Amino acid sequence: MRLVVLGFGVMLGVLGACSDSATPTPTGAVCPDPDPMTLTWGSFGEQFMTTYCTACHSTELSHSMRNGAPLYHDYDTLAGVLKIPDHIDEEAGAGPAAVNTRMPPSRCPSMPGGKIDRDCPEPTEAERTELAVWVACEQQRAGK
Amino acid sequence: MKRWLAAGAVTGWLIVPAGAARADHDMAMSGHQHADAPAVSIGVAVQAAEFETMSYVGSYQSIAPTVAWMHGWFGANATLGLYHLDENGRGTYGMGDAMLGAHAAVIRRGEAEAGVALHVMLPTGSEVDNLGMGHVMVMPALWGAWQGGRLGASASAGYARALTSLDGAHHDHGPTPLVDPMNLQELTWSVAADVEVGHHVRLGGRAQGGVPIGDGRTRVISGGRVAWGMARVSTAFELQVGLAGDPFTVRGVLETALRF
């Protein structure tokens, strides 16, 4: 009986290390009306994605080179972004309803598809806010 | 001892890795050994699997220590899997979700018995790393087992519910977590049968799965099993395939247990 009590105790003891509780949340960001066209793929999106995302989220990377990035989550084109804009907002955007920081992760590859060997560059909250607004504007422009 | 082994082989209670426990929670460790004196078992299971879902391709390996207590009609168990997960080229180590369970036989008639079980899965695994559900899961179930001579059979039916809002479904990455996917709310089931072939060896097969209530995926797993057992030690190997719902493509589980 002592053994089983000890066993249960050990197992319960390790339960203190719980999972990451960050929950993807819509930011509530909206595109200004009228759309000022200040945040576009050319002026903001492409650079943001290249800096923070496409080392893993790129159509040029096969599954074994993505360092965990889900398949078909590719942000090297505007079309790729527009496939899952809400997901981007909920993972990395900031707005009145939420500041999401699940992405980028803590560690990244230096080169696209390479080994994870450095701390990921971290967007500022201002950049995250711009990201959410830009995503909202691109959805609006695409008629979504 | 014969009944102990037969029931163990049928229900897969010898050692149940976190994954098998989750999918087969209602029958796991049900322990129909009829022991009047308290009995304790400790064990370990190792498993290796490959998966290919809509978003991830990879594999995982795990080791899951288990401790169980059984006395008469009642029993309890705890299991915690430790994983190495490779998903789309990223390797991760970490705990899976911990499983705590309790069960009781309610009816015993000759070679048949039936009972109830309650398992609770705690979110010790990282949801972000695809090692855990991210929520407490509560899983009540009914089970029944029959042992006639060299043959044995069992079945179970249960309900699983995440203790979280079911409205919060986000972008779909496919089945989650990768190491042992479940729906946030589902009906679970399992059926199993085996036969003793001599030399303390039993051969059997089983199928188990989950049917979502609301959004989700129907999951079906099937497997073949060979088990060997003596009075104090039992060992089994099961080869499983995922037939529906992308739980994995193929998975092998080797488990052994010592009883005291």
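Because the structure is predicted, anything quoted here is derived from the model rather than measured.

(A) Quick peek at the overall build of chain B. When its secondary structure is counted, chain B shows two helices and 14 strands. Contacts in chain B between residues far apart in sequence, at least 24 positions, make up 61% of those at least 6 positions apart.

(B) Layout of the confidence of the model for chain A. Residues of chain A with pLDDT of at least 70 account for 85%, and the chain-wide mean is 87. Ignoring residues within four places in sequence, the model shows residues 3–21 of chain A, a span with pLDDT below 50, making 34 contacts including any to other chains.

(C) Layout of the nonpolar core. Counting 35 residues, the largest nonpolar core has Tyr-60, Leu-85, Ala-98, Met-121, Met-137, Leu-178 and Val-179 of chain B as its most contacted members. Of all the secondary-structure elements, those providing two or more residues to this core are β1 (39–52), β2 (57–71), β4 (82–87), β6 (98–109), β7 (112–122), β8 (137–148) and β9 (151–162) of chain B. Among the elements that make up this core, the one with the highest residue count is β2 of chain B (six residues). Grouped together as the second largest cluster of nonpolar side chains are 19 residues, Met-49, Tyr-52, Ile-88 and Trp-134 of chain A included.

(D) Region of interest: helix α5 (residues 125–141) of chain A. For α5 of chain A, which comprises 17 residues, the first-to-last C-alpha distance of 24 Å matches the rise-based estimate of 24 Å (1.5 Å per residue) to within 8%. Phi turns positive, to about 75°, at Gly-143 of chain A, one or two residues after α5 of chain A.

(E) Representation of the environment of Ser-126 of chain B. For Ser-126 of chain B, the location among the structural elements is in the loop between β7 and β8. Note: C-alpha distance between Ser-126 of chain B and Leu-258 of chain B (132 residues apart in sequence) is 30 Å.

(F) Structural detail: the pairing of β9 of chain B. Residues and elements named next belong to chain B. Residues Gly-152, Ser-154, Ser-156, Gly-158, Ala-160 and Ala-162 line the buried face of β9, whereas the alternating positions Leu-151, Ala-153, Ala-155, Ala-157, Tyr-159 and Arg-161 sit on a face that is not buried. For β8 and β9, the ladder comprises ten bridges, and the chain directions are antiparallel. The residue bridging Gly-148 from the neighbouring strand is Leu-151, located in β9. Here β8 folds back onto β9, and the loop between the two strands holds two residues, one of which, Gly-149, carries a positive phi near 60°.

(G) Examining the environment of Thr-25 of chain A more closely. All names here are of chain A. Relative to the assigned elements, Thr-25 resides in the loop between α1 (2–13) and α2 (41–52). Take Thr-25: there are 18 C-beta atoms within 10 Å of it, and that puts it in the partly exposed class. On a C-alpha basis, the gap between Thr-25 and Pro-109 in space is 26 Å, while along the polypeptide they are 84 residues apart. Setting aside anything within four residues of it in sequence, one finds Thr-25 in contact with Glu-90, Ala-97, Ala-98 and Asn-100.

(H) View of unusual backbone geometry. With omega at 5°, the peptide bond leading from Asp-33 of chain A into Pro-34 of chain A counts as cis. Structurally, the position occupied by Pro-34 of chain A is in the loop between α1 and α2. The linkage connecting Met-103 of chain A with the following residue, Pro-104 of chain A, adopts the cis geometry, with an omega of -5°. Within the element layout of this structure, Pro-104 of chain A appears in the loop between α4 (85–92) and β1 (107–109). Of note in this structure, Tyr-72 of chain A is not a glycine but carries a positive phi near 65°. Here Tyr-72 of chain A shows up in the loop between α2 and α3 (78–83). Phi at Asn-88 of chain B takes a positive value of approximately 50°, unusual for a residue other than glycine. As for its placement among the helices and strands, Asn-88 of chain B is situated in the loop between β4 and β5 (90–95).

Calculation rules
- Numbers given to residues run from 1 along each chain, matching the order in which its sequence is written.
- Naming scheme: in the order in which they are written, chains are lettered from A and ligands are numbered from 1.
- Side-chain atom pairs in this predicted model are given and counted only at pLDDT of 80 or more, local residue features only at pLDDT of at least 70, and totals for whole chains, interfaces and linings cover all residues.
- The helix count covers DSSP runs of H or I at least four residues long, the strand count covers runs of E at least two residues long, and both are numbered beginning at the N terminus.
- Here the contact rule is simple: place C-beta atoms from the backbone, and any two residues whose C-beta atoms are within 7 Å are in contact.
- The pLDDT value expresses, per residue, how confident the predictor is, ranging between 0 and 100.
- The nonpolar core is taken to be a set of buried Ala, Val, Leu, Ile, Met, Phe, Trp, Tyr and Cys residues joined by way of C-beta atoms within 7 Å.
- Partly exposed residues are those falling between the two cut-offs: more than 12 but fewer than 20 other C-beta atoms within 10 Å of their own, whereas 20 or more means buried and 12 or fewer means exposed, with C-beta atoms placed from the backbone.
- Take the residue count of a helix, subtract one, and multiply by 1.5 Å to get its expected span.
- Two strands are said to pair when DSSP picks up at least two bridges between them.

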